[in-house]
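Topology and contacts: notes
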Amino acid sequence: MIQKLFKQMVISQIISAMAVMLCLVIDSIMISRFLGTDAMAAYGFASPVLLVFASFGSLLSSGIQVVCSRAMGLGDEDKINRCYSLSVIIATSVSIAGVILVVVFVDPLCTLLGAKEGTEVFNLTKDYLIGFVFGAPFFIGAQILVPFLQMAGQRTKLVVAVLSMTVADITFDLLNVFVIKKSTFGMGLASTLSYVVAVAIGIVYFFRKDCIYTFRSKQLGKGLFREIAKGGIPTMVNQVSLVLLVYLVNRTMVKVGEEVAVAAYALVSTIANIGYCIGNGISEVSLMLASISYNEDDEKSLSDIVKNQTIFSIGINLFGSIVFLTLADPVVSLFVASDAPERATAIFGLRIFATCLVISSINAAFKKYYQAIGMVKFSESISVMQNLVFPAIVVVSFGAIFGTPGVWFFYPIGELLSLLYITIYVWRRSGAPLGSHQSFVCLPPGFGAAPGDALEMEICKVEDIQEAAIEASEFCDEKGVSKRKSMYTALCIEEMANNIVRHGFSGSNNQIDIRLVCRDDELIVRIRDNCKSFDPVKYYQMMRPDEDDPTTHIGIRMVFKMTKDIRYVNSLGLNCLTMKI
């Protein structure tokens with residue numbers, strides 16, 4: 001099921017990753033095509049501020065994914081709801097504070113960003129920031145909606161929200177250019193309104209009766225806040241490193257190529273953000289699935305995740321690289337006129353960027369994977385090396401020697417050095433030969449069930465159920481489990497699987513994955529299916545204890561009597577039931 005789920009999630013996650021950057025890309029096209037080089041340079045100077053807001057949204061989004069995914073792996077539905085509630089409160093409070101700070105200190109902020117006071121570029125930078133910043137709560141809101149909708153299996157709604165936002169932004173930008181004519185302020189405001197549209201569509205799910213989340217204003221606690229922050233810190237480190245790099249490149253470009261080079265870099269960065277959405281989408285799926293699998297001690301699934309994230313990174317990004325390499329000229333033409341001074345520099349820079357897409361995606365996926373399995377410091381160090389140290393060395397040295405053309409090589413050289421850094425670290429840690437994806441799984445000694453202590457089964461039709469029950473019973477016998485426990489295990493699997501097939505299967509795409517683990521004299525059964533949502537724990541709790549007929553709901557009564565602990569959670573659109581026999 002991992003491969004199928006990975007594929008389904010990657011498609012929607014890539015589109016969802018574009019939610020943060022798509023409006024900025026459209027703004028860039030409109031600014032460069034209709035407002036000129038000064039406006040494009042102003043957009044470039046404003047980029048670090050936009051990235052700061054994106055950094056906070058990413059920290060919160062990533063922290064949510066880590067905490068909720070771990071809670072899913074443990075079947076802790078209460079913690080998922082508390083995480084949802086706290087993240088809404090934090091996002092609202094911090095984004096409003098950010099709006100106030102930018103509005104009050106906008107003049108010194110523009111100076112700090114590199115725009116010279118008293119110039120047209122300074123005024124245009126200020127105008128864009130003011131127009132954009134009022135949409136900060138919706139900008140951040142769009143980011144935190146993504147993981148919650150993804151975990152709820154609402155992938156179609158994510159796609160609809162993104163497409164609607166795109167149409168709205170194009171419409172508002174065109175109105176600004178041809179009707180309202182408010183220059184960069186209007187462009188920033190258009191992005192604000194577009195994010196309002198996206199959030200308005202996405203938030204509808206949270207008011208539906210079948211929403212799996214419940215808002216709570218009590219018992220949130222500082223501990224949960226620290227846990228979310230800790231889970232998101234690697235992403236914050238990644239974004240802060242990126243902000244510092246953008247600042248350094250802007251400064252270097254001004255020095256070696258003046259404002260034309262800054263405009264070209266802003267243009268290439270905007271296009272690059274679309275390319276990065278692929279790698280970011282793959283890495284976010286890796287983070288979510290690996291966090292769940294790690295907390296389920298599921299070594300096989302973790303190995304499958306590493307394999308799939310590598311395959312998808314190479315396959316999808318190779319296509320993207322070819323597109324950017326061969327179509328660099330027409331892609332840049334979408335943004336600037338044929339006689340624009342920054343055009344030639346931007347085409348060259350885009351082609352250099354295209355060479356790093358595959359490696360960049362692989363690095364991003366490993367970074368999130370290692371974060372998910374608890375190697376947080378290593379994940380953070382990859383971020384610093386990938387987004388600051390290695391590219392900064394290239395920017396400074398190559399910029400001084402080769403001028404503007406040399407600066408662009410920070411893209412491929414920085415990514416190559418980052419992959420080498422990951423490979424050397426993994427090799428020194430594990431000592432295993434680097435011949436396959438298995439070498440990079442990098443789990444601690446003694447992790448998960450020992451070889452032979454776990455049984456994986458798949459049910460696609462009713463005839464598979466009896467076979468699975470027999471196989472489970474034989475597995476228990478081999479492990480020396482008592483006849484009573486062995487019988488209970490087979491009966492629980494048979495009863496729950498029969499209920500799922502009878503009431504949940506609606507076509508050939510339905511599937512049940514069963515994992516049976518025998519560890520420390522304990523039997524744990526995990527049953528996961530992709531049928532309609534159903535919580536047997538809540539259903540059992542709602543049953544009347546004083547019913548006279550003992551045969552009513554006899555199957556589910558029997559299962560609960562044969563288990564000492566049973567938990568249900570709906571995650572990623574899947575039902576997941578964990579039973580301790």
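Residues numbered from 1 in each chain as written. Predicted model: local features only at pLDDT ≥ 70, side-chain atom pairs only at ≥ 80, totals over all residues. Heavy atoms only, no water.

This part is about the side chain of E522. Considering the arrangement of structural elements, one finds E522 in strand 3 (residues 522–529). Side chain to side chain, E522 and K564 meet in a polar contact 3.5 Å long. (Helix = DSSP H or I, 4+ residues; strand = E, 2+ residues; numbered from the N terminus. Polar contact = N/O pair within 3.5 Å; in protein donor to acceptor, adjacent residues only side chain to side chain.)

For the rest of this paragraph, the subject is a nonpolar patch on the surface. Residues F34, I170, L174, L175, F178, V179 and I180 make up a contiguous nonpolar surface patch of roughly 630 Å² in combined accessible area. Of the residues forming the nonpolar patch, the biggest block, 6 residues, is contributed by helix 7 (residues 155–180). Mapped onto the elements of the fold, F178 is located in helix 7. (Patch = residues over 30% accessible without salt bridge, like charges linked within 9 Å, V, L, I, M, F, W, Y side chains within 5 Å. Areas by Shrake-Rupley, 256 points an atom, 1.4 Å probe, with all protein chains shown as cover. Salt bridge = Lys/Arg side-chain N within 4 Å of Asp/Glu carboxyl O.)

This next bit is on the side chain of E342. Relative to the assigned elements, E342 resides in the loop between helix 11 (328–333) and helix 12 (343–354). According to the relative accessible area criterion, E342 is buried, its value standing at 1%. Here E342 is in contact with T37, V260, A263, A264 and V336, once residues within four sequence places are set aside. (Buried < 20%, exposed > 50% of the residue type's maximum accessible area, 1.4 Å probe, protein only. Contact = heavy atoms within 4.5 Å.)

Turning next to the packing of helix 4 (residues 106–113) against helix 5 (residues 120–133). At a closest axis distance of 10 Å, the pairing of helix 4 and helix 5 adopts a crossing angle of 120°. When the axis of helix 4 is compared with that of helix 5, the two are oblique. Seen from above, helix 4 lies across helix 5 with right-handed handedness. Across the interface between the two elements, V106, D107, L109, C110, T111 and L113 from helix 4 touch F122, T125, K126, L129 and I130 from helix 5. Broken down by class, the residue content of the contact of helix 4 with helix 5 amounts to 7 nonpolar, 2 polar and 2 charged. (Axes fitted to C-alpha atoms, helices over the stretch in contact; angles between N-to-C directions. Parallel < 35°, antiparallel > 145°, perpendicular 65-115°, else oblique. Left-handed = near helix turned anticlockwise from the far one by under 90°. Nonpolar A, V, L, I, M, F, W, Y, C, P; charged D, E, K, R; others polar.)

Here helix 17 (residues 463–478) is 16 residues long and its end C-alpha atoms lie 24 Å apart, about the 22 Å a rise of 1.5 Å per residue gives. Listed in full, the buried residues belonging to helix 17 are D464, I465, A468, A469, A472, F475 and C476. For helix 17, the angular spread of buried residues about the axis comes to 140°, placing them on one side. The exposed residues of helix 17 that point more than 90 degrees off its buried face are E467 and E478. For helix 17, the secondary structure elements touched by its buried residues are strand 1 (454–459), helix 18 (483–504), strand 2 (512–519) and strand 3. Positive phi shows up at G480, right after helix 17, with a value of about 75°. (Expected span 1.5 Å × (residues − 1). Arc of directions from axis to C-beta.)

This brings us to the packing of aromatic side chains. For any two aromatic rings, the description comes down to two numbers: the centre-to-centre distance and the angle of the planes. What the rule picks out here adds up to 27 aromatic pairs. Measuring from ring centre to ring centre gives 5.5 Å for Y84 and F206, while their planes differ by 5°; the resulting arrangement is stacked. Taken together, the residues span a long stretch of sequence, with Y84 in helix 3 (residues 77–104) and F206 in the loop between helix 8 (183–203) and helix 9 (222–295) at a distance of 122 residues. Like F206, Y84 is buried. Each ring, one from Y276 and one from F353, has its centre 5.3 Å from the other, and the planes form 90°; the classification is edge-to-face. A residue pair is termed long-range when its members are at least 10 positions apart, and Y276 in helix 9 and F353 in helix 12 qualify at 77 residues. Relative accessible area serves as the criterion here: at 23%, Y276 is assigned to the partly exposed category. Of the residues examined, F353 reaches a relative accessible area of 0% and is grouped as buried. (Phe/Tyr/Trp six-rings, centres within 6.5 Å; stacked < 30°, edge-to-face > 60°.)

A separate point is the environment of I144. Mapped onto the elements, I144 comes out in helix 6 (residues 136–151). Sequence-wise, I144 and H553 are 409 residues apart; in three dimensions their C-alpha atoms are separated by 40 Å. Those residues in contact with I144 that lie beyond four places of it in its chain are L60, S61, I64, S87 and A91.

Attention shifts here to the sheet that holds strand 5 (residues 574–580). Read across the sheet, 5 strands follow the order 1-2-3-5-4 without closing on themselves; strand pairing throughout is antiparallel. Strands with a single pairing partner mark the edges of an open sheet, and in this sheet they are strand 1 and strand 4 (565–571). Pairs of neighbouring strands in the sheet enclose a mean axial angle of 15°, with direction left out of account. Where strand 1 lies against strand 2, 6 bridges are found, and the strand directions are antiparallel. By the bridge assignment, L455 is partnered in strand 2 with L516. (Pairing = 2+ DSSP bridges.)

The next point concerns unusual backbone geometry. For K181, which is not glycine, the phi torsion reads 55° and is therefore positive. Counting through the fold element by element, K181 comes out in the loop between helix 7 and helix 8. For C442, which is not a glycine, the phi torsion comes out positive at approximately 60°. You can see C442 is positioned in the loop between helix 16 (410–430) and strand 1.

Looking now at the nonpolar core. It is characteristic of soluble globular proteins that their nonpolar side chains tend to be buried jointly. Grouped together as the largest cluster of nonpolar side chains are 142 residues, with contacts concentrated most on M151, F206, Y213, Y369, Y370, F410 and Y411. It is helix 9 that provides the largest number of residues to this core, a total of 25 residues. Core analysis: the second largest hydrophobic core is formed by 34 residues, I459, F475, L516 and V525 among them. (Core = buried A, V, L, I, M, F, W, Y, C linked by side-chain atoms within 4.5 Å.)

Where helix 3 meets helix 6, the closest approach of the two axes is 8 Å, and the angle between their N-to-C directions is 160°. When the interaxial angle is binned, helix 3 and helix 6 end up roughly antiparallel. Every pair of crossing elements has a handedness; the one defined by helix 3 and helix 6 is right-handed. Every residue of helix 6 that contacts helix 3 at C83, Y84, S87, A91, S95 and V99 is listed here: A136, P137, I140, I144 and F148. Residue composition of the contact of helix 3 with helix 6, grouped by class: 9 nonpolar, 2 polar and no charged.

Owing to its 3.6 residues per turn, the α-helix aligns residues three or four sequence positions apart on the same side. Along its 14 residues, helix 5 runs 20 Å from first to last C-alpha, staying within 8% of the 20 Å computed at 1.5 Å per residue. The buried fraction of helix 5 amounts to 10 of the 14 residues, a majority that puts the element mostly inside the structure. If you check which residues of helix 5 are buried, you get V121, F122, L124, T125, Y128, L129, I130, G131, F132 and V133.

Before going further, it helps to spend a moment on the pattern of salt bridges. Per the stated rule, a full pass over the model turns up 14 salt bridges. Two residues, D210 and R208, come together in a salt bridge whose shortest N-O distance is 2.8 Å. What makes R208 partly exposed here is its relative accessible area of 32%. Between E284 and K368 there is a salt bridge, and its shortest N-O distance comes to 3.2 Å. Residue E284 is located in helix 9, and its partner K368 is located in helix 13 (residues 357–372); the two are separated by 84 residues in the primary sequence.

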